[in-house]
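Secondary and tertiary structure notes
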Amino acid sequence: IDADHSYASVLEDLQHWYPQVKKGGFLCGDDYGWSHPLTPGPQPAVDEFVALNDLKVEVQERQFVIYPGNWRIARERVLPSANSFHSTPDKLRC
């Protein structure tokens, strides 16, 4: 998810795309810590969505990954090492 960075738009995107994620899949997005005087930005929307849906989120720099379902299995498949988040093309790049 990397579109309109307003709180309302990010929350709407998460609500729309979360049901589309297949078992073992994940959602990722960019600019987690971005904010503006007119909107709190993505972080509060992501945090609220994760808490309301009992999900897990991992943040690396400004990217976030939301793990639905069995998040440990999905994380091990996608991110074998937190240090390799952007290191090779076969690793997740948000």
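Refer to the preceding data block for the structure.
Presented here is a report on the structure given in the accompanying data block. Nothing here was measured: the structure is a model prediction, and the numbers come from that model.

Turning next to the overall build of the protein. Tallying secondary structure elements over the protein gives three helices and three strands in all. Reading the protein from its N end, one meets helices and strands in the order α-β-α-β-β-α. By residue count, 39% of the 94 residues in the protein fall in the buried class. Across the protein, contacts joining residues at least 24 apart in sequence account for 53% of those joining residues at least 6 apart. For the protein, the accessible surface area stands at approximately 5,800 Å², while carbon and sulfur atoms represent 51% of it.

What follows covers the nonpolar core. In a soluble, globular protein the nonpolar side chains are often hidden away together inside. Listed in full, the 12 residues of the largest apolar core are Val 10, Leu 11, Leu 14, Leu 27, Tyr 32, Ala 45, Val 46, Phe 49, Val 50, Leu 55, Phe 64 and Ile 66. Among the elements of the structure, helix H1 (7-17), helix H2 (42-52) and strand S3 (63-67) are those that each provide at least two residues to this core. Other than its neighbours up to four places away in sequence, Tyr 32 contacts Pro 42, Gln 43, Val 46, Asp 47, Val 59, Arg 62 and Phe 64.

Looking now at the side chain of Asp 13. Inspection of the secondary structure assignment puts Asp 13 in helix H1. Despite its burial, Asp 13 pairs with no opposite charge, the nearest such side chain being Arg 62 at 15 Å. If near-sequence neighbours (up to four positions away) are discounted, Asp 13 is found in contact with Ile 1 and Ala 3.

Taken residue by residue, H2 has Pro 42, Ala 45, Val 46, Phe 49 and Val 50 as its buried positions. For H2, the angular spread of the buried residues around the axis is 125 degrees, confining them to a single face. Looking at H2, the residues exposed on the side facing more than 90 degrees away from the buried face are Ala 51 and Leu 52. In the stretch just after H2, Asp 54 is the one whose phi turns positive, near 50 degrees.

Take unusual backbone geometry next. Positive phi outside glycine occurs at Asp 54, with the angle close to 50 degrees. Here Asp 54 shows up in the loop between H2 and strand S2 (56-60). Positive phi is not limited to glycine here, since Glu 61 has a value of about 55 degrees. Mapped onto the elements of the fold, Glu 61 is located in the loop between S2 and S3.

Scoring rules and cut-offs
Residues numbered from 1 in each chain as written. Predicted model: local features only at pLDDT ≥ 70, side-chain atom pairs only at ≥ 80, totals over all residues. Heavy atoms only, no water. Helix = DSSP H or I, 4+ residues; strand = E, 2+ residues; numbered from the N terminus. Buried < 20%, exposed > 50% of the residue type's maximum accessible area, 1.4 Å probe, protein only. Contact = heavy atoms within 4.5 Å. Areas by Shrake-Rupley, 256 points an atom, 1.4 Å probe, with all protein chains shown as cover. Core = buried A, V, L, I, M, F, W, Y, C linked by side-chain atoms within 4.5 Å. Lys, Arg positive; Asp, Glu negative; His and termini not counted. Salt bridge = Lys/Arg side-chain N within 4 Å of Asp/Glu carboxyl O. Arc of directions from axis to C-beta.

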